[in-house]
Amino acid sequence: MASGRGNACFSPCGPSPEAFILALGAVRAGGSIVFIDPGIGPTLFRDRTQLAGPRWAAAESLLYSLSARGPLRPLARRRGLLLPNYGAMDVRHYYAGPWLPGVPWGATSLKRLAAGGAVRSADAAVGDSPKTAPHQPWLLPTSDPEQEAVIIFTSGTTGDPRGVVHSGGSLAAAFGQLSERCTFAPGDRIHSEQLMMGLPALVAGAHWTMPAYGFSAHVDPLKLAAELGPAYGEGHTIRGATHLFLVPSQLAPILDAVEAGSIQLPSTLQTIMLGAAPVLAPFLKRAMGVLPGVDFKLIYGMTEMLPIAIADGAEKLAFAEGSQAEFTTPDGSGEGDFLGAPLPAVSIRLTEHNELVVSGANMCRSYLGQGPLKEHWTGDLVRLDHGGPDGQARLVMLGRKKDMIIRGKTNIYPALYEPLLAGIEGVAQAVMVGLTDQIGDEAVWLAVAAAAGQDARSLEARLRRELPHLIDQTALPDRIVLVDNIPTSGRHRKPDRAALRRLLAAESPTPAGAFSGEPQ
């Protein structure tokens, strides 16, 4: 398959070996891959494909069938997938798996393609007939590190999609930076659907296995945990997983199951890498207590630049406890959310408002349709802390620029306090947001999800007793609200602060006045 420079391939395939082999082959042939989550829904799908303008598409035949108008489409909806009709796209179509109803007429089987059954000219227009060239070897161009390789859309509004463009060179640099702190050896096994984890493992001689998604848009954490034992291939056995990548929301139910005795993780498990969402110190302390023989690596980065910093679990807890922190809270805990030292290839600078600006070889080339990037403004507000044993500058998160609350003349950064709040007995999750009043000032609301079996009134009373001893007087909440669940969004189930604000705004009018010790 000669993709040709400037050609983009839309890939709605779920994570699988076949999907990544297809992606690597397309990039090696000079094209680029547009990764779009199959479960994003028709509106986001339309906006993103219009921006990317793919010329060909490859998907599992089952996905084509589930998205087409027919008897299987309701099955996908019952499983929580509102799929656009992939077969209706005016592009060349390739499918993996057996032919099924819903696969577009004229689509080419990837199995046939791999066997040399059909090759399409890179210069042919959409809809041209395929040029057959059976059993001819592929003539692939020399790899160019500046070549556009992957387009990944950041989460955002439907009306303003942003496609992050990575080149082969930026991805290779990212793999190298990951390997600075997360190492693999021959015979290891990483279990993850993340390309960023799997490729460095393969290069090191390790095995890469992937969780099964099935019909769901999200992996089931407990099923994932059950997949960590020995894997059986064609005539051979692969040892149990040694490395695992998770987001905190996936690890939480696994810890519950381990504590309940319903799941036993394999003794081969050495390292758990956590990322894509904040890893709060109380949660990390619990995880390290439940899994004492496991090394935790905490990855900080973003789609535009991965990774920026990687912290060890032990150093994060030492910071949180205050023993290795330059700045501490009134109770002696480290102030802020510890991220770790910037990786060697990452250049950083802080603006006058403490926003982190990064650059380096592992930064994306550009946003789709825009000019080259020289640096990336992260939107994260950080402080440099020198409280570690070697005095090296380390990044500490103060909060997101867009999450900052302004009450009167005071700037309040939720990420400074949410790790402390999560450590209060009976708290499962705590999120601070600001609600604007009629004059533009913001009141601070604290939404708390109680731990299982915790009485709501006694928890609220405990919060009001302990909060003045944990956080600054100027940051005390105007109102505490106990909720059943904190709204989340995205594949990684991060707290959805916008949805939480809407939920709280509907609760009652924003109150005036500061925190008091009495329940409201």
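Draft legend 1. Geometry of the overall build of the protein. Within the protein, the secondary structure is distributed over 14 helices and 28 strands. Per-residue burial for the protein yields a buried fraction of 52% across its 520 residues. Of all intrachain contacts in the protein linking residues separated by at least 6 positions in sequence, the fraction that spans at least 24 positions is 62%.

Draft legend 2. Representation of the packing of aromatic side chains in the model. Across all of its chains, the model carries two aromatic pairs by this definition. Summarising the aromatic geometry, the rings of Trp-56 and Tyr-94 are spaced 5.7 Å apart at their centres and angled 80° between planes, so their arrangement reads as edge-to-face. One end of the pair, Trp-56, is in strand E3 (residues 56–60); the other, Tyr-94, is in strand E4 (residues 92–96), with 38 residues separating them in the sequence. For the pair formed by Trp-56 and Tyr-94, the shared burial category is buried.

Draft legend 3. Local environment of the pattern of salt bridges. Tallying each qualifying case throughout the model produces 16 salt bridges. With a closest N to O distance of 3.1 Å, Arg-394 and Asp-385 form a salt bridge. Assessed through its relative accessible area of 4%, Arg-394 is described here as buried. Here the salt bridges share partners, and the residues they tie into one network are Arg-181, Asp-295, Lys-297, Asp-312 and Glu-315.

Draft legend 4. Spatial organisation of the environment of Leu-269. Locating Leu-269 in the fold gives a position in the loop between helix H9 (248–260) and strand E13 (271–274). Accessibility expressed as a relative area gives 6% for Leu-269, which makes it buried. Leu-269 sits 79 residues away from Ile-190 along the chain, and the two C-alpha atoms are 9.5 Å apart. What Leu-269 contacts, discounting residues up to four positions off in sequence, is Ala-241, Thr-242, His-243, Leu-244, Gly-293 and Val-294.

Draft legend 5. The arrangement of the pairing of strand E14 (residues 295–302) in detail. Extensive coverage of E14 is indicated by the burial of six of its eight residues. Inspection of the sheet shows E13 paired to E14 by four bridges, in the parallel sense. Looking at the pairing, Leu-274 lines up with Leu-298 of E14. Here E14 pairs with strand E15 (residues 305–312) via five bridges, running antiparallel. Bridge pairing in E15 links Leu-298 to Ala-311. The loop that links E14 with its antiparallel partner E15 comprises two residues.

Draft legend 6. Layout of the sheet that holds strand E25 (residues 442–450). What the three strands build is an open sheet, ordered E24-E25-E26; its pairing is mixed. Strands with a single pairing partner mark the edges of an open sheet, and in this sheet they are strand E24 (427–436) and strand E26 (479–483). Sheet twist, expressed as the mean angle between neighbouring strand axes with direction ignored, is 25°. Sheet topology places E24 next to E25; nine bridges connect them, and they run antiparallel. From the neighbouring strand, Gly-434 faces E25, where its bridge partner is Val-444. In the packing of helix H13 (residues 456–470) onto the sheet, the strands contacted are E24, E25 and E26, and the crossing angle to E26 comes to about 145°.

Draft legend 7. A look at the environment of Glu-375. Its location among the elements puts Glu-375 in the loop between strand E19 (366–367) and strand E20 (376–385). Distance in space between the C-alpha atoms of Glu-375 and Arg-349 is 10.0 Å, their sequence separation being 26 residues. Among residues more than four places away in sequence, those in contact with Glu-375 are Arg-349, Val-357, Val-358, Ser-359 and Met-363. At a separation of 2.8 Å, a polar atom in the side chain of Glu-375 contacts the side chain of Arg-349.

Draft legend 8. Region of the structure containing the environment of Met-397. On the secondary structure map, Met-397 appears in strand E21 (residues 394–400). Looking at Met-397, the relative accessible area reads 11%, which means it is buried. Placed 61 residues apart in sequence, Met-397 and Gly-336 show a C-alpha to C-alpha distance of 5.6 Å.

Draft legend 9. Quick look at H13. Look at H13: 20 Å from first C-alpha to last across 15 residues, which is about the 21 Å you get at 1.5 Å a residue. If you look at H13, its biggest bend is around 25°, right at Arg-464, and the proline Pro-468 turns up within four residues after that. Every buried residue belonging to H13 is among Leu-459, Glu-460, Arg-462, Leu-463, Arg-464, Leu-467 and Leu-470, and all of these are buried. Where the residues of H13 are buried, they touch helix H12 (414–422), E24, E25 and E26. Regarding H13, its N-cap is Asp-455, as a side-chain oxygen of that residue lies 3.3 Å from the backbone nitrogen of Arg-457 further along.

Rules behind the numbers
- Residues numbered from 1 in each chain as written.
- Predicted model: local features only at pLDDT ≥ 70, side-chain atom pairs only at ≥ 80, totals over all residues.
- Heavy atoms only, no water.
- Helix = DSSP H or I, 4+ residues; strand = E, 2+ residues; numbered from the N terminus.
- Buried < 20%, exposed > 50% of the residue type's maximum accessible area, 1.4 Å probe, protein only.
- Contact = heavy atoms within 4.5 Å.
- Phe/Tyr/Trp six-rings, centres within 6.5 Å; stacked < 30°, edge-to-face > 60°.
- Salt bridge = Lys/Arg side-chain N within 4 Å of Asp/Glu carboxyl O.
- Pairing = 2+ DSSP bridges.
- Axes fitted to C-alpha atoms, helices over the stretch in contact; angles between N-to-C directions.
- Polar contact = N/O pair within 3.5 Å; in protein donor to acceptor, adjacent residues only side chain to side chain.
- Expected span 1.5 Å × (residues − 1).
- Bend = angle between axes of the 7 residues up to and from the residue.

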